[in-house]
Structures are given as C-alpha cells and as structure tokens.
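# Summary of the model geometry
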Amino acid sequence: MNTGPPSHVEIDLDALIHNLGHAQQLAGPDKQVIASIKGNAYGHGVLTVAQALQEAGVYALATGSLDEARVLRSHGVTLPVLLFAFSTTELTVQAAREGFVPTLTSFPAAETLASAVTEPVSVYLKIDAGLGRLGEPLATAREFIEKASALKQLQIDGVYTHVPFAQVSGSDWATEKLSAFDGFLASLDRAGYAFPVTQAMASCCLLAGLQDNCTAVCVGHILYGLSPFSAGSPEDALDLKPVLEGLKSTLIHIGHHNAGSDVAVGGLYGLKAPRTVGVLPLGLAHGLCRPIPGKDLAALVDGHRCQVLSVSLEHTTIDLDGVGHAATGDPVTLIGRDRQEQITLSEVAEAWGIGPLEALLRLSGRIPIKYLGTTAGI
Ligand SMILES: *Cc1c(COP(=O)(O)O)cnc(C)c1O
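Residues numbered from 1 in each chain as written. Predicted model: local features only at pLDDT ≥ 70, side-chain atom pairs only at ≥ 80, totals over all residues. Heavy atoms only, no water.

The next point concerns the overall build of the protein. Broken down by element type, the protein carries 11 helices and 19 strands. Expressed along its principal axes, the backbone C-alpha trace of the protein runs to roughly 80 × 40 × 40 Å. Of all 378 residues assigned to the protein, the portion counted as buried reaches 49%. Put simply, 65% of the contacts in the protein that link residues at least 6 apart link residues at least 24 apart. Working note: accessible area of the protein is about 17200 Å², and carbon and sulfur atoms make up 51% of it. (Helix = DSSP H or I, 4+ residues; strand = E, 2+ residues; numbered from the N terminus. Buried < 20%, exposed > 50% of the residue type's maximum accessible area, 1.4 Å probe, protein only. Contact = heavy atoms within 4.5 Å. Areas by Shrake-Rupley, 256 points an atom, 1.4 Å probe, with all protein chains shown as cover.)

This is the structure:
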C-alpha cells in the first residue's frame, strides 16, 4: 500500500553535484564557488540543497532570505551565509547580529550597522559596476570602501558586483564591466586594501567563457542545470544536468464518458466518441498553469502521452484513451521519463508560456520533494 503523497517533485542531488563540478571547472581551480540558493534554491528545496552543497565543499552560500538563512542555521548548516541586499537597514543589522553576512550597498547603511553592534561583524560590500541596480557606483566606490574600512566594527570579508546578461550578445558589455571591476580592485590593492573575497561572475559569465581576476564566482543557474540565457541561445551545448528530474502524480479517479455526453465545465466538450478521463490531484493551487493558446500539455501514463484536458484549482484531467489498462493509483508523469517517452521542464514551461526558472518557482514549496541520488539523505 503506497501511503506516500499522491504527487511529488523529484530532485537529483547527484546532478546538482555534477553541475557544481562543471561550474568549478569553468571557473578554474583557483576560484572559490559561492552557491546561490536564493528563492528556495531556485525552487529545489533550500535545506537539502544547502546540506548537499556544504558536503560537496562550496565556499559559502548566498540567499536573499533571512528566513531561509535561519532555517539553514537551525538545521546544522555551518557555512557562511551571505545575504544579498535583502531588506531594510534594521533587518540588515538584525541579520548581522545573528551571524549572517549582510551585503552593504552604501555608506549610510555601513555606518548604521557599525554603530549598532559592539563586536566586529562580517560584511560584504556591493559595488555597482554597471547594472544600475544595487551597490555603490564604481565612480564613488573607492571612497565608500575607504570610509567603510575605517569603521572598526565592520570586518569587510568581501567586495562584489553583479553583471548579469541573458543574451549572448551581452557578453561584450559584461567583459567591459569585469575589466573595470578588476581595475578598481587592483587600484585598491595598490593602496593597501585587500579582501578575502572578491567576486563578479555569475552563471552567464562562466558559461560565456569570460575571465576575471577575482577570488570567487557566485553561481545559481548552473548548479540547477538551468541556462541563464534567453531562448535561442546555444544552451544545448552546455554540459549541465537537469536537477529537477520529475513531477509525478497519481490517478485518483477514472471516468468513462459516453459519446454525446456533455462532460467538462459548462458542458464544453460535447463528446463525439466515448472518452476515458483520468483525474490527478494537482492543479493551479500547486503551481500548475493552463497551456497558453496554441500549445498542448501532456502527461505520461504507462509510457503513453496523454493530452491534458483541463487544469482547475486542485485537479488536472487527462485523456486516457490511448492507454490500455489504466487504473486508479497508477503513477502519472508530468515532467520526466516514462519508458520511451519524456517530458522536459522546458517543454512544460513553454506550454505555460514562461521560462524554466519561472516554472520551477511556481512549483516551489507547493509540492513535496523526493530527493534522489547517492548524495541524498545526508
Ligand atoms: C542570483 C545572483 C547570483 C547568481 O546568479 P546566477 O545567474 O543564478 O548564476 C550572483 N550574484 C548575485 C548578486 C545574485 O543576486
């Protein structure tokens, strides 16, 4: 008797560790890897992913959620947890008091934190090398670093920037920004300001083959087997393994409907032929979407592709006509492999009209996760 949940997501920790190895290889042996686990580890379940990454030897973890950082600490994750600029100055002070490493993006925040703590706290400073979002602009960054360094209650363990791009053509822009950041760090170094961690490259930079003189990289997409590039970029060439391996559910009901019956919401179908309809206990409330016009969604039952007929708040119906002997309790694959057939995360995301990362974030935290792989269970 299967008493497990009727639906679950399968996460392959071996694939995560494979992808980490690939990131390290792209970065080179001298660079530390800071693992981005923001957004519930891009939807993969932050605690188990963090535990596996700690076991695999990453240098630090980075997230934008103080709540998630606290979950890690209370479950034995001892790695430094960098908080990307995540909230108000008050909460930044709180995070530092709790032993997390906050990001300071301007001098007033640095001053406030320094005056609010008695013992020195570890911080990273963020420089805006050209993204135009967070951090002290490069033009005034020298003064920011000098003044922050003079605050004795701050231990500046890292200086970083972020130069993301989604089109391969953005790599020229990023190359220029990386070089400007390198030049800035070199001039600081000559003036006697050196920091344990300097970091600028995320997944896009590594995958585009860019280089810099920093001591670390900070990657998320690569770890989860996701491409940071928009559609049309050459992501097939990337040696990444998908970490979300499956979205599985169970047939909880099978309905046999006669020709001529007006099944479905509002009697929409008006069936011309008899139809067997399977029902899954998974719907919009669990993060699923309806397909956008012109796209079809499918689910696999016993190796057959079955068309998704409807997605409602808590249920999905599928056409079981092609399946010989479907019975309630049978497994259904919404993402993953079943015999010769396969449905990928990208295929589902495309039918939903969104990207793979957005699809992961829709499912995130709403469906139980089953971890697979030899690394599982640590
Ligand atoms: C999310 C994030 C990263 C990681 O980006 P990926 O594209 O997922 O590799 C790096 N740095 C900062 C500041 C981030 O917010």
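Attention now goes to the pattern of salt bridges. What the rule picks out here adds up to 12 salt bridges. A salt bridge links Glu176 to Lys177, with the nearest nitrogen and oxygen atoms 3.7 Å apart. Taking the relative accessible area as the measure of exposure, Glu176 reaches 54% and is therefore exposed. A relative accessible area of 17% places Lys177 in the buried class. The salt bridge involving Arg305 is made with Glu347; its shortest N-O contact spans 2.4 Å. With a gap of 42 residues between them, Arg305 in strand β15 (residues 304-311) and Glu347 in helix α10 (residues 345-352) connect regions that are remote in the sequence. The partly exposed category is assigned to Arg305, whose relative accessible area is 39%. (Salt bridge = Lys/Arg side-chain N within 4 Å of Asp/Glu carboxyl O.)

Our focus in this paragraph is the nonpolar core. Counting residues in each nonpolar core, the largest one holds 110 residues, and the members touching the most others are Ile37, Leu53, Leu61 and Ile318. Once residues lying within four places of it in the same chain are set aside, the contact partners of Ile37 are Val46, Val49, Ala50, Leu53, Leu61, Ala62, Thr63, Glu68, Leu72 and Tyr224. Ranked by size, the runner-up nonpolar core spans 11 residues in total, among them Phe84, Val101, Tyr124 and Cys218. (Core = buried A, V, L, I, M, F, W, Y, C linked by side-chain atoms within 4.5 Å.)

To continue, consider helix α3 (residues 46-56). Because each turn of an α-helix spans 3.6 residues, side chains separated by three or four positions in sequence point in the same direction. All of the buried residues in α3 are Val46, Val49, Ala50, Ala52 and Leu53. For α3, the angular spread of buried residues about the axis comes to 165 degrees, placing them on one side. Looking at the buried side of α3, the elements it contacts are α1 (13-27), β2 (32-36), α2 (38-42), β3 (60-63) and α4 (66-74). Positive backbone phi, at 95 degrees, marks Gly57, one or two positions downstream of α3. (Arc of directions from axis to C-beta.)

What follows deals with α10. Within α10, the full set of buried residues consists of Leu345, Val348, Ala349, Ala351 and Trp352. One side of α10 carries all its buried residues, which in axial view fall inside an arc of 160 degrees. Against the buried residues of α10 lie β17 (331-338), β18 (341-343) and α11 (356-363).

The next point concerns the site of the ligand. Taken together, 13 residues are adjacent to the ligand, and Lys38, Tyr42, Ser203, Gly220 and His221 come closest. Here the residues of the shell around the ligand are counted per class, giving 6 nonpolar, 5 polar and 2 charged. (Near = heavy atom within 4 Å. Nonpolar A, V, L, I, M, F, W, Y, C, P; charged D, E, K, R; others polar.)

Next up on the list: the pairing of strand β1 (residues 8-12). Looking down a regular strand, the side chains alternate between one sheet face and the other. Buried residues dominate β1, accounting for 5 of its 5 residues. Side-chain alternation along β1 places His8, Glu10 and Asp12 on one buried face and Val9 and Ile11 on a second face that is also buried. In this sheet, strand β11 (residues 244-250) lies alongside β1 in antiparallel orientation, the contact comprising 4 bridges. Following the sheet pairing, His8 is matched in β11 by Lys248. (Pairing = 2+ DSSP bridges.)

Below, the discussion takes up the pairing of β3. By the alternation rule, side chains of β3 split into Ala60 and Ala62 and Leu61 and Thr63, which are all buried. Note that β2 and β3 share 3 bridges and pair parallel. Across the sheet, residue Ala35 finds its bridge partner in β3, namely Leu61. As paired strands, β3 and strand β4 (residues 81-83) are joined by 3 bridges and run parallel to one another. Pairing of Ala62 across the sheet is with Leu82, part of β4.

Turning next to the packing of aromatic side chains. Under the criterion given, the structure shown has 4 aromatic pairs. Where Tyr42 meets Tyr224, the ring centres are 4.7 Å apart and the plane angle is 25 degrees; that geometry is what we call stacked. Of this pair, Tyr42 sits in helix α2 while Tyr224 sits in the loop between β10 (216-219) and β11, and the two are 182 residues apart along the sequence. Take Tyr224: its relative accessible area is 1%, and that puts it in the buried class. An angle of 65 degrees between the planes, with centres 6.0 Å apart, marks the rings of Tyr124 and Tyr160 as edge-to-face. Taken together, the residues Tyr124 in strand β6 (residues 121-128) and Tyr160 in strand β8 (residues 154-160) connect sequence positions 36 residues apart. Here Tyr124 and Tyr160 have matching classes, each one buried. Over the aromatic face of Phe107 sits the side chain of Lys147, whose NZ or CZ is 4.4 Å from the ring centroid. (Phe/Tyr/Trp six-rings, centres within 6.5 Å; stacked < 30°, edge-to-face > 60°. Lys NZ or Arg CZ within 6 Å of the ring centre and 35° of its normal.)

Turning our attention to the environment of Asn19. Structurally, the position occupied by Asn19 is in helix α1. As for Asn19 and Tyr224, which are separated by 205 residues in sequence, their C-alpha atoms are 7.1 Å apart. Apart from the residues lying within four places of it in its own chain, the contact partners of Asn19 are Ile222, Leu223, Tyr224, Gly225, Asp239, Leu240, Lys241 and Val243.

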